Amino acid sequence: MALISSDRLRFPCEPWKLVENIHVPGDEGTLETLFALGNGHLGIRGSHSTAGDSELPGTFINGFHEIWDIKHAENAYGFARTGQRIVYVPDANNFTVSIDGEALSLAESTVLDYHRSVDFSTGVYEERIVWSCRSGATVTTVERRAVGFDSRGCLGLELSLSADRDVSADITSGVVNRQDQPVEDHSVHDPRRSGRHAGRVLLPLHLQGADGSLRLAWETSESRQRVAMAVDHWISAEGQPFETLVAEDESSVRYVLAIHDGDTFRLEKTVSYVVAGSAGDAEDRGESLAAEAEANLVPFSEILAQSKAHYDEYWTTADVSIGGQAEMQQAVRWGLFQLAQATARAGVAGIPAKGVSGSGYEGHYFWDQEIYLLPYLTYTNPCGARKVLESRHAMLPDARVRAKELSVDGALFPWRTINGLEASAYYAAGTAQFHIAAAIAFAANRYQWASGDDTFSAELGADLLIETARMWASLGFFGKDGMFHIHGVTGPDEYTAVVNDNLYTNVMARFNLRAAAALEHEGIAETERMVWRQAAERMSLPYDPHLQVFSQDNDFMTLEPWDWNTPKSKYPLLLNFHPLVIYRHQVLKQADTVLAMFLQWQDFTAEEKQRAFDFYDPITTGDSTLSACVQGIMAAEVGYGDVALQHFTEALFIDLDNSHGNTIDGVHIASTGGIWSSLVCGFAGMRDQGEVLRFDPRLPVEWDGLSFRLKVQGRLLAVELEQGSIALTLVPGPEYSEEPLQVKVRDYDVTVGTATVQVPLEDVPVPPPSIFPSVFPTAGLPIIR
C-alpha cells in the first residue's frame with residue numbers, strides 16, 4: 001500500500017524536503033528510515049526522541065560489527081564459518097519532557113499541531129509539535145538534528161521549548177545501549193531482516209559522567225571492536241543539571257527548571273563517536289578512546305554549518321532535475337539525498353546494503369555497491385568511488401585464501417561481508433554467486449575509464465582485474481564442444497540457483513577476462529594472457545534457437561513455467577515457497593539476462609536485446625528491489641517508453657511507499673543508485689567504456705526536460721534534455737579541465753567544449769513486440785488415446 005504518494009495532505013510535495021504534517025500511528029518504523037540522517041560513516045534513524053513514540057530507533061557506524069560462529073544444521077567443507085552483523089551503537093537521540101508533571105508523548109498527550117521535515121539542501125531534521133497540556137498550558141517543542149561531515153563521527157541534537165504561560169519543566173537527555181535491549185529476532189521470519197545476538201554484545205569499558213558531560217566506552221564481546229562516545233550539554237538558562245547518572249546501558253542528564261511565558265529554553269546536545277579495531281594497550285580500559293571522542297567534539301552550530309556546506313557543494317554536481325514532474329522530482333532528490341547519506345564520508349569502507357539508515361541485511365556489503373552504487377559515485381564523487389575500490393583491494397588477502405578453499409586460483413571475494421570473510425550461510429544464493437568477482441572488475445574498469453586517475457591501475461585496478469580473471473580461468477573449463485563453460489553458479493536471479501552457464505555470469509566473466517588480458521602488466525605471463533583471451537572468445541552463451549532468445553542458463557528454457565495465477569499475497573515468493581519449488585520453475589526474482597545486456601551493451605544487437613526483454617520482463621516478479629530500475633533502463637533502450645516509465649516509477653517509490661514492506665530496516669541504497677542510473681543511462685541513454693561516452697536519449701513524453709551533470713575524465717559535463725534535443729556543455733571551474741570532450745549522440749560525433757552544443761533528436765518509434773513460438777514445441781500435439 002502506498003504511503004508518501006497516497007496522502008499529499010499528510011506528506012506535501014516539496015522539491016527540497018520530505019515533510020510530514022499529520023502524525024498517524026502505525027507507520028513509525030518506515031518513517032524512521034525515511035527521515036534518517038547519515039554521512040556514510042555515522043547514521044541515526046529518524047525516530048521520535050521519546051521512547052514510547054518510536055518503533056526501531058538506533059544509531060549505526062559503518063563497519064562496526066559483532067561476529068559469531070555460524071551453526072550449520074549439516075556441515076560441509078568450505079561453508080561460511082563466521083557470521084557478521086552491524087551493531088547498534090549507544091544512541092543519544094533520547095529526550096523526555098515533562099510539563100507540570102505531565103510527560104509529553106505523541107501516544108498519550110494532546111497534539112494541536114505537528115510538523116517534521118528533513119531538508120535535502122542542508123541535511124537538517126526538524127520536528128515541531130504544539131502540545132495542549134493538562135495543566136492548561138500550550139507548549140511548543142522544536143527538535144533539530146544534523147550529522148557532521150568534516151567531523152564525520154559527530155552528531156548534533158537540539159531541543160527548544162516555549163510556553164504560553166509559566167510552566168515547570170523536567171527534561172531528561174539520555175544515552176541508551178539499544179543493542180542489548182530485548183527485541184524480537186525478525187530474521188526468523190524474513191531473511192532480509194537483521195537478526196539478534198543471543199548474548200550480550202557491548203561490554204562496558206569506561207563509564208564516566210559529571211555536570212552534564214558523559215565519557216563512555218564499550219567493547220564488542222567477540223569481534224573486540226571498541227566504540228567510545230563523548231556527550232556534552234549546553235543550556236540557554238543559567239544553572240547546572242539536576243543530576244548526571246551513568247550506567248552501562250542507560251546514562252542520563254536531567255534538568256529541572258521553570259520556563260516563563262515568552263521565553264524559549266534551548267538545550268544543545270553534542271555527541272562524538274570514535275571506533276577502533278581493538279585495544280592497543282591491554283591496560284587501556286577505553287579511556288584513551290573516550291578522550292579521543294572528547295577531543296573531536298564540535299559545537300552544534302559547527303555541525304549545522306558543516307552539513308549545510310556539504311550539501312551546498314553536493315547539489316551543484318549531483319542534482320538531477322526533471323521538468324514538469326513535481327512528485328517525481330521530490331522523490332528523485334530524496335533518493336540522491338540518501339545516496340549522499342550512505343556514501344559521503346564512508347572513507348575506505350564498503351557501502352552497506354542499507355547504508356547507515358538501518359540494520360537490514362546485517363549491514364553487509366554485496367555486489368550492489370559495484371553495479372548499482374559505483375556508477376553514481378564514479379560520475380559524481382570519483383574520490384568516493386576509489387575509496388570503495390580501495391576497500392575491496394584491502395580484502396584481497398582474505399579473497400585469495402577463500403579462493404584456495406574453493407579450489408580456484410586468484411581471488412574469490414565474499415558474496416556478503418563486513419570484515420572480508422564470507423558471511424553467507426546459504427551457499428546456493430551466496431557463495432555460488434561468483435559474479436561478484438566480475439562486478440568488482442567491472443567497477444574498477446569503469447572507474448579507470450571515467451576518472452582519468454593515472455595511478456589507479458598500478459596501485460589497485462590491475463590487481464583487481466588480474467586476480468578475478470585468474471579465478472574465472474580456473475573456475476571454468478574448455479568442454480568437448482571447444483567452448484568455455486562455467487558450471488555450478490548462481491546469477492543475479494536468485495530464483496534460479498546453482499546452474500550451468502548462467503548467461504549473466506558468463507558475459508561478465510568474458511568482460512573480466514578481456515579487460516585483464518588487455519593490461520600491460522609484468523605479472524601476467526603470455527601463456528596466461530592467451531588462456532584468458534581464448535576463454536573470453538570461446539565463452540559459452542546459451543541460446544534457444546526455437547525462441548531466438550539468449551537463455552538465462554543451459555536449462556532455463558526447459559523449466560516448467562510458473563503459475564501466474566498465484567495470488568499477490570504469496571509474493572515475494574522466497575517468503576512463501578520452498579527454494580526447490582522456485583528453482584524448478586521458469587520465474588525470475590530480478591532481471592538477469594536483461595542486466596547483462598545493459599552492462600555489456602556493445603556485445604548484443606538491438607534485436608537480441610528486444611527479444612530478451614520481451615521474453616523475460618513478463619516472467620520477472622520484481623521481488624528484488626534491484627530489478628525495476630534495470631527493467632526500466634532496458635525498456636527505454638528498446639523503445640518501450642510507457643513500460644520504461646512504469647518500471648522507473650516503481651523503483652522511485654520503493655522506499656517512499658514501502659512497496660516491498662521492509663523499509664523499516666533501512667533505505668534500499670542500491671535501488672536509489674539504480675534510480676540515478678535509470679535517469680542517466682535509461683532516459684538519457686548514456687553508455688560508457690567504449691571509445692567515447694555515448695548518449696541515445698529516450699525522454700518520456702510526459703516530461704518537459706531532464707538535466708544533470710557528470711564528472712568525466714577530469715571535466716564537468718552538463719547534460720540538458722528537452723523534447724527533441726540534447727544540449728551538452730563543459731562547465732568551467734578551477735578543478736575541471738576545459739579540454740574538449742568527444743562524445744557520440746546516437747550516430748553523431750560531437751565535440752563538447754565550454755560553449756553549449758545542441759543536437760536535434762528524432763522521435764524513436766515503438767517497435768512491434770516480439771512474437772514467440774510455443775515454449776514447448778510438443779504442447780500442441782493431440783493427445784494419443
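In this text the structure is predicted, and so the values were computed from the model without any measurement. (Residues numbered from 1 in each chain as written. Predicted model: local features only at pLDDT ≥ 70, side-chain atom pairs only at ≥ 80, totals over all residues. Heavy atoms only, no water.)

Caption draft 1: Representation of the environment of E405 in the model. For E405, the location among the structural elements is in helix α7 (residues 396–405). A sequence separation of 121 residues divides E405 from D284, and the C-alpha atoms of the two residues are 37 Å apart. Beyond its immediate chain neighbours, meaning those up to four positions away, E405 contacts Y77 and G78. (Helix = DSSP H or I, 4+ residues; strand = E, 2+ residues; numbered from the N terminus. Contact = heavy atoms within 4.5 Å.)

Caption draft 2: Summary view of helix α5 (residues 368–380). Helix length check: α5, at 13 residues, gives a terminal C-alpha distance of 17 Å against a target of 18 Å (1.5 Å per residue), a fit within 8%. The element α5 is extensively covered by neighbouring structure, given that 13 of its 13 residues are classed as buried. (Expected span 1.5 Å × (residues − 1). Buried < 20%, exposed > 50% of the residue type's maximum accessible area, 1.4 Å probe, protein only.)

Caption draft 3: Main features of the sheet that holds strand β5 (residues 59–69). Reading across from one edge, β3-β4-β5-β6 is the order of the four strands in this open sheet, with antiparallel pairing throughout. Each of the sheet's edge strands pairs with one partner strand only, and the pair in question is β3 (37–38) and β6 (82–89). In terms of strand pairing, β5 meets β6 through seven bridges, oriented antiparallel. Counted as the bridge partner of W68 is G83 from β6. (Pairing = 2+ DSSP bridges.)

Caption draft 4: Local environment of the packing of aromatic side chains. Inspection of the entire model under this criterion finds 29 aromatic pairs. Ring geometry for W367 versus Y372: centroids 5.7 Å apart, planes at 90 degrees, classification edge-to-face. As far as the burial class goes, W367 and Y372 line up, both buried. Centroid distance F442 to F511: 5.3 Å. Interplanar angle 75 degrees. Geometry classified as edge-to-face. Here F442, found in helix α8 (residues 436–451), pairs with F511, found in helix α10 (residues 503–517); they are 69 residues apart in sequence, far enough to count as distant. With relative accessibility at 1%, the residue F442 sits in the buried group. Under the relative-accessibility criterion, F511 is labelled buried at 10%. (Phe/Tyr/Trp six-rings, centres within 6.5 Å; stacked < 30°, edge-to-face > 60°.)

Caption draft 5: Seen up close, the pairing of strand β32 (residues 741–745). Burial within β32 is extensive, with four of its five residues counted as buried. In terms of strand pairing, strand β28 (residues 693–695) meets β32 through three bridges, oriented parallel. Looking across to β32, one finds that L693 is bridged to V743. As paired strands, β32 and strand β33 (residues 748–752) are joined by five bridges and run antiparallel to one another. Following the sheet pairing, V743 is matched in β33 by V750.

Caption draft 6: Representation of the layout of surface pockets within the structure. Size it by volume and the second largest pocket reaches roughly 710 Å³. Every residue lining the second largest pocket is counted, 36 residues in all, and those nearest its centre are E313, T380, N381, P382 and K711. Of all the elements in the fold, those that place two or more residues in the lining of the second largest pocket are α3 (300–318), α4 (326–343), α5, α6 (382–394), α8, β29 (705–712) and β30 (715–722). A total of six residues in the lining of the second largest pocket trace back to one element, the largest contributor, which is α3. Partitioning the lining of the second largest pocket into residue classes produces 16 nonpolar, eleven polar and nine charged. (1 Å grid on protein atoms, 1.4 Å probe; cavity = no way out; pocket = protein on both sides within 12 Å on 5 of 7 lines; lining within 4 Å. Points joined across faces, edges and corners; volume = space filled by probe spheres on them. Nonpolar A, V, L, I, M, F, W, Y, C, P; charged D, E, K, R; others polar.)

Caption draft 7: Here's a closer look at the side chain of S451. Summarising the element assignment, S451 is placed in helix α8. At 2.7 Å, the side chain of S451 forms a polar contact with the backbone oxygen of Y447. Looking at S451, its side chain comes within polar contact range of the main-chain nitrogen of D453, at 3.0 Å. Apart from the residues lying within four places of it in its own chain, the contact partners of S451 are Q713 and G714. (Polar contact = N/O pair within 3.5 Å; in protein donor to acceptor, adjacent residues only side chain to side chain.)

Caption draft 8: Molecular detail of empty space enclosed by the protein. All told, the structure shown has eight cavities of 30 Å³ or more when counted by the stated rule. Volume-wise, the largest cavity comes out at about 140 Å³. S49, T50, W131, T141 and E143 are the residues nearest the centre of the largest cavity, which is lined by 14 residues in total. For the lining of the largest cavity, the secondary-structure elements that each account for two or more residues are β7 (91–99), β10 (124–132) and β11 (138–147).

Caption draft 9: Here's a closer look at the confidence of the model for the chain. Scored by pLDDT, the chain has a mean of 95; 96% of the residues are at 70 or more. Confidence drops under a pLDDT of 50 for residues 777–785, and excluding neighbours within four residues, the segment shows two contacts in the predicted structure. (pLDDT = per-residue confidence, 0-100.)

Caption draft 10: Main features of the packing of α5 against helix α17 (residues 669–683). Taken N-terminus to C-terminus, the directions of α5 and α17 make an angle of 50 degrees; their axes are 8 Å apart at the nearest point. Taken together, the axis directions place α5 and α17 in an arrangement best described as oblique. The two elements α5 and α17 cross, and the hand of that crossing is left-handed. Between α5 and α17, the residues in contact are D368, Y372, L373, P375, Y376, Y379 and T380 and I669, A670, G673, G674, W676 and S677, respectively. Partitioned by chemical class, the residues of the contact of α5 with α17 number eight nonpolar, four polar and one charged. (Axes fitted to C-alpha atoms, helices over the stretch in contact; angles between N-to-C directions. Parallel < 35°, antiparallel > 145°, perpendicular 65-115°, else oblique. Left-handed = near helix turned anticlockwise from the far one by under 90°.)

Caption draft 11: Representation of the packing of α5 against α8 in the model. Viewed as axis vectors pointing N to C, α5 and α8 meet at an angle of 10 degrees, and their least axial separation amounts to 10 Å. Taken together, the axis directions place α5 and α8 in an arrangement best described as roughly parallel. Contacts between α5 and α8 involve E370, I371, L374, P375, T378 and Y379 on the former and, on the latter, A439, I440, F442, A443, R446, Y447, W449 and A450. Split by residue class, the contact of α5 with α8 holds eleven nonpolar, one polar and two charged.

Caption draft 12: Region of the structure containing unusual backbone geometry. For the peptide bond that leads from Y571 to P572, omega is 0 degrees, which places it in the cis range. Take P572: it is sitting in the loop between β25 (560–561) and α12 (579–583). In this structure, D501 is a non-glycine residue whose phi angle is positive, near 55 degrees. Within the fold, D501 resides in the loop between β22 (484–485) and α10.

Caption draft 13: Highlighting the nonpolar core. Judged by nonpolar contacts, the single largest core of 211 residues is most densely connected at W367 and L706. It is α8 that provides the largest number of residues to this core, a total of twelve residues. When residues no more than four places from it in sequence are discounted, the contact partners of W367 are Y372, R392, W415, H435, I436, A439, P492, Y504, Q590, L595 and L626. Core analysis: the next-biggest nonpolar cluster, separate from the first, contains nine residues, L205, L289, A290 and L297 among them. (Core = buried A, V, L, I, M, F, W, Y, C linked by side-chain atoms within 4.5 Å.)

Caption draft 14: Seen up close, the sheet that holds β33. Spatially, the four strands line up as an open sheet ordered β27-β28-β32-β33, and their pairing is mixed. Edge positions in the sheet fall to β27 (686–687) and β33, since each of these pairs with one other strand and no more. The pairing of β27 with β28 spans two bridges and is antiparallel. When the sheet's bridge partners are listed, M686 is paired in β28 with F695.

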